[in-house]
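Structure at a glance
Each chain, written out:
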Amino acid sequence: MPYLVALLLHCLPLAMGQYDICKSWVTTDDGPSWEFYACQPKAMRMKDYVTVRVDPAGITCGDPPERFCTHENPYLCSDECDASNPDLAHPPKLMFDTEDEGLATYWQSVTWRRYPEPLLANITLSWNKSIELTDDIVITFEYGRPTIMMLEKSLDNGRTWHPYQYYADDCMEAFSMPARRVRDLSTTSANRVLCTEEYSRWAGSKKEKNVRFEVRDRFAIFAGPDLKNMDNLYTRLESAKGLKDFFTVTDLRMRLLRPALGGTYVQRENLYKYFYAVSNIEVTGRCKCNLHANLCTFREGSLQCECEHNTTGQDCGKCKKNFRSRSWRAGSYLPLPNGSPNACAAAGSAFGTSSKISKLVRLKADSSPVAPIEAFEDCECYGHSNRCSYIDFLNVVTCVSCKHNTRGQHCQHCRLGFYRNSSAELDDENVCIECNCNQIGSVHDRCNETGYCECKEGATGPKCDDCLPNYYWRQGCFPNVCDDELLLCQNGGTCYQNQRCLCPAGFKGVLCQQSRCDADRKDCDGAPGARPGLGPLLLGALALQLPGWVDL
Ligand SMILES: *[C@@H]1O[C@H](CO)[C@@H](O)[C@H](O)[C@H]1NC(C)=O
Ligand SMILES: *[C@@H]1O[C@H](CO)[C@@H](O)[C@H](O)[C@H]1NC(C)=O
Ligand SMILES: *[C@@H]1O[C@H](CO)[C@@H](O)[C@H](O)[C@H]1NC(C)=O
Ligand SMILES: *[C@@H]1O[C@H](CO)[C@@H](O)[C@H](O)[C@H]1NC(C)=O
Ligand SMILES: *[C@@H]1O[C@H](CO)[C@@H](O)[C@H](O)[C@H]1NC(C)=O
Ligand SMILES: [Ca+2]
């Protein structure tokens, strides 16, 4: 029982009270209405929602079965790991189960038989969800803590990884880093990645089993030793660049680089006592919901924020459809104590117009007289921009740097060369589609509202990449010279790709309509005419190769 109380007290500052409701029904002079607040879910035991992966393949002991011993009993190597026997198997899931009183269950690696090849193992934890750490990560090693190890984190579901903390019995030797302690960090270095020697010393394998990533000590830099001054922490999280992200992860990876050595050098004659064994990995944190949700549920195999404030997405990271007239923003812990919800607003709803103008006026007054525009936040751009400018001489507020190929005062039009996607809402990222007009076939690269380009003479099709009947394509559309119907080649000539007639020897002209004899009497004697029976194809081919007079 005293243990339970201690546990509760331990959790109190982080679990209780602040930012736990998103809205409440209040009565004001104008009648009852909703009031909205910044809100976040409770901290949870994150190991219950994790997916684990242990690398490399074959690093888990027991397949084939093998013997091992411990540093305490180095010559009694009768312990056995056997993956096919539930009583003797040590699969990865035993790092996340609930420990029964006294009896630890643990994942165990193979032994260091292959020394001096290093014994390397990666334990990768994935949540498929951003998590904000609220308490220390505690990794419990049975049979001794690694003498070299590294903790890494990912913020993008494992695509990129960053060092989080280095652990070694000798930081200089292992990582060429000086040893530091989190307790010695200051307000400006609270998010420093450091190497610590505190959790790698040999202290007897049963005595000090835990390796920590110290979240509380880092919080304490701002909130005081007992985390009593959480207001200060929340203020700093809001204002110090990168501080919030430092405590945010989607994945964690423990890179085990050298096992416990029992306080001495590696004894090659008994490598059965070197291995890793992890009985528990405790990760306490809350779903990151950008201060737009106070509930996070496990659905379809993943944690999901139950978004309020008309936001949506796994982390409430965007505005709901039809609520994007104001650009999305995370909620803020400030001002204390309830924070700002920074809710999304419906298109067309009136929001903050008057305060916006007064803000502008203030901005104007502060700025130099030559600057015609001033940037400010909180503008109506259908989610395609989060910056607006005030144009002094027109007295209008207009969006700047509209994204997604939009333009206009509210990013409500498509850029030239793009047209409106009729199946997309105005606040959709896909609202503007590229015209894609054929550069040769079209007059310019603009198109009408249904995506039709304006074609040059002879060209057709929505993108002007086809030719009208009686035109042929060759770097543009040109009228046919010959064809099989009206513009027939004469005197046995054949029409080559509608571009020209291939005339038999003795004839020339666009349609082979002219006899060479007519044109040049000298060459005429003995010149045979087109011989019936010779295929037009052959004639054509010859004519191509030997232009001019040919004696057949
Ligand atoms: C562990 O992960 C790191 C990247 O974080 C990778 O470079 C290394 O090869 C992995 N080690 C093993 C044994 O899989
Ligand atoms: C990760 O979460 C997203 C959103 O909930 C889901 O669509 C996706 O299938 C999940 N991926 C995995 C590998 O579980
Ligand atoms: C969200 O939209 C609904 C209408 O669907 C509205 O009643 C509610 O007040 C909005 N909430 C916020 C926080 O703006
Ligand atoms: C038009 O918008 C819809 C809805 O967002 C999208 O699914 C579709 O891909 C868009 N069409 C094009 C051609 O981009
Ligand atoms: C766009 O141009 C095509 C072809 O000229 C035409 O059929 C269509 O009606 C035009 N659409 C609009 C909205 O003008
Ligand atoms: Ca366990």
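Okay, so let's go over this structure. A quick note: this is a predicted structure, and the numbers were derived from the prediction, not measured. (Residues numbered from 1 in each chain as written. Chains lettered and ligands numbered in written order. Predicted model: local features only at pLDDT ≥ 70, side-chain atom pairs only at ≥ 80, totals over all residues. Heavy atoms only, no water.)

1. As for the overall build of the protein
For the protein, the helix and strand inventory stands at eight helices and 37 strands. The buried share of the protein, taken over its 552 residues, is 42%. In the protein, of all internal contacts separated by at least 6 residues, the share reaching a separation of at least 24 is 57%. (Helix = DSSP H or I, 4+ residues; strand = E, 2+ residues; numbered from the N terminus. Buried < 20%, exposed > 50% of the residue type's maximum accessible area, 1.4 Å probe, protein only. Contact = heavy atoms within 4.5 Å.)

2. Section: the pattern of salt bridges
Taken as a whole, this structure holds 20 salt bridges when the rule is applied. In this structure, the salt-bridge partner of R45 is D48, at a minimum N-O distance of 3.0 Å. The salt bridge involving E238 is made with K244; its shortest N-O contact spans 3.7 Å. Judged by its relative accessible area of 26%, E238 falls in the partly exposed class. Owing to a relative accessible area of 23%, K244 belongs among the partly exposed residues under this scheme. Each of R145, R201 and E208 takes part in salt bridges that share partners, so that together they form one network. (Salt bridge = Lys/Arg side-chain N within 4 Å of Asp/Glu carboxyl O.)

3. Brief notes about the nonpolar core
Residues W107, W127, M254 and I281 are the most contacted members of the largest nonpolar core, which totals 64 residues. Per-element tally for this core: the top contributor is strand β8 (residues 121-133), with six residues. Setting aside residues no more than four positions away along its own chain, M254 makes contact with A121, N122, I123, L125, I139, M149, M150, L151 and I281. (Core = buried A, V, L, I, M, F, W, Y, C linked by side-chain atoms within 4.5 Å.)

4. Considering the coordination of the calcium ion (ligand 6)
The textbook angles at a metal center are 109.5 degrees for a tetrahedron of four donors and 90 or 180 degrees for an octahedron of six. Bound to the calcium ion (ligand 6) are the protein donor atoms L94 (O), D97 (OD), E99 (OE), T105 (O), T105 (OG1) and S279 (O), situated 2.0 to 2.6 Å from the metal. Of note is the calcium ion (ligand 6), whose six donor atoms meet at the metal with angles of 69 to 161° in an arrangement that counts as irregular. Summarised as a motif, the one-chain spacing of the donors to the calcium ion (ligand 6) is L-x2-D-x1-E-x5-T-x173-S. One end of the pair, L94, is in the loop between β6 (79-81) and β7 (107-108); the other, T105, is in the loop between β6 and β7, with 11 residues separating them in the sequence. The exposure class of L94 is buried, given its relative accessible area of 16%. Overall, T105 belongs to the partly exposed group, its relative accessible area being 24%. (Donors = N, O, S within 2.8 Å, 3.2 Å for Na, K, Ca; no water. Tetrahedral: all angles 85-135°; square planar, octahedral: opposite > 155°, others 65-115°.)

5. Comments concerning the state of the cysteines
Two cysteines form a disulfide when their sulfur atoms are joined by a covalent bond. By the definition in use, this model includes 18 disulfides. Across the disulfide from C22 sits C39; the S-S distance is 2.0 Å. Classification of the bridge connecting C22 and C39 rests on its S-S torsion, roughly 95°, and on that basis the disulfide is right-handed. Residue C22 is found in the loop between α1 (2-15) and β1 (23-28), and its partner C39 is found in the loop between β2 (31-36) and β3 (44-45); the two are separated by 17 residues along the sequence. (Disulfide = S-S within 2.5 Å.)

6. Looking at the site of ligand 1
Every residue lining ligand 1 is accounted for by D55, P56, N122, E152, R253 and R255. Separating an oxygen atom of ligand 1 from a side-chain N or O atom of N122 is a distance of 2.3 Å. Looking at the shell around ligand 1, its residues break down into one nonpolar, one polar and four charged. (Near = heavy atom within 4 Å. Polar contact = N/O pair within 3.5 Å; in protein donor to acceptor, adjacent residues only side chain to side chain. Nonpolar A, V, L, I, M, F, W, Y, C, P; charged D, E, K, R; others polar.)

7. What to know about the pairing of strand β23 (residues 396-399)
Here strand β22 (residues 388-391) runs beside β23; their pairing, made up of four bridges, is antiparallel. Considered in β23, the bridge of I391 is made with V396. Connecting the antiparallel pair β22 and β23 is a turn made up of four residues, with N395 showing a positive phi of about 55°. (Pairing = 2+ DSSP bridges.)

8. Focus on the site of ligand 3
Around ligand 3, a shell composed of F36, H309, N310, F323, A343 and C344 is seen. The side chain of N310 places a nitrogen or oxygen atom 2.6 Å from an oxygen atom of ligand 3. Protein contact buries 49% of the 360 Å² of open area that ligand 3 shows by itself. Looking at the shell around ligand 3, its residues break down into four nonpolar, two polar and no charged. (Areas by Shrake-Rupley, 256 points an atom, 1.4 Å probe, with all protein chains shown as cover.)

9. A closer look at a nonpolar patch on the surface
A surface patch of nonpolar side chains, amounting to about 360 Å² of accessible area, comprises W25, W34 and F36. Within the secondary structure, W34 sits in strand β2. (Patch = residues over 30% accessible without salt bridge, like charges linked within 9 Å, V, L, I, M, F, W, Y side chains within 5 Å.)

10. Here's the deal with unusual backbone geometry
Cis peptide bonds are those with omega within 30 degrees of zero, and the linkage from D63 to P64 qualifies with 5°. Turning to its location among the elements, P64 is positioned in the loop between β4 (51-55) and β5 (66-68). Backbone torsion omega between L334 and P335 reads -5°, so that peptide bond is classified as cis. Tracing the backbone through its elements, the reader meets P335 in the loop between β20 (318-319) and α6 (353-366). The backbone of N157 sits at a positive phi, close to 55°, despite the residue not being glycine. Residue N157 is classed as partly exposed on the basis of its relative accessible area, which comes to 38%. One non-glycine residue, C512, adopts positive backbone phi at about 60°. Tracing the sequence through the fold places C512 in the loop between β36 (507-508) and β37 (514-515). On the basis of relative accessibility, which here comes to 0%, the residue C512 falls in the buried class.

11. Looking at the packing of aromatic side chains
Tallied over the entire structure, the rule returns 19 aromatic pairs. Each ring, one from W25 and one from W34, has its centre 5.2 Å from the other, and the planes form 65°; the classification is edge-to-face. On the basis of relative accessibility, which here comes to 52%, the residue W25 falls in the exposed class. Judged by relative accessible area, which is 43%, W34 ranks as partly exposed. Among the aromatic residues, ring-to-ring pairing joins Y164, F213, F219, F246 and F247 into one connected group. The ring of W34 carries K23 above its face, with NZ or CZ at 4.7 Å from the centroid. Here R67 stacks its cationic end above the ring of Y272, 5.2 Å away from the centre of that ring. (Phe/Tyr/Trp six-rings, centres within 6.5 Å; stacked < 30°, edge-to-face > 60°. Lys NZ or Arg CZ within 6 Å of the ring centre and 35° of its normal.)

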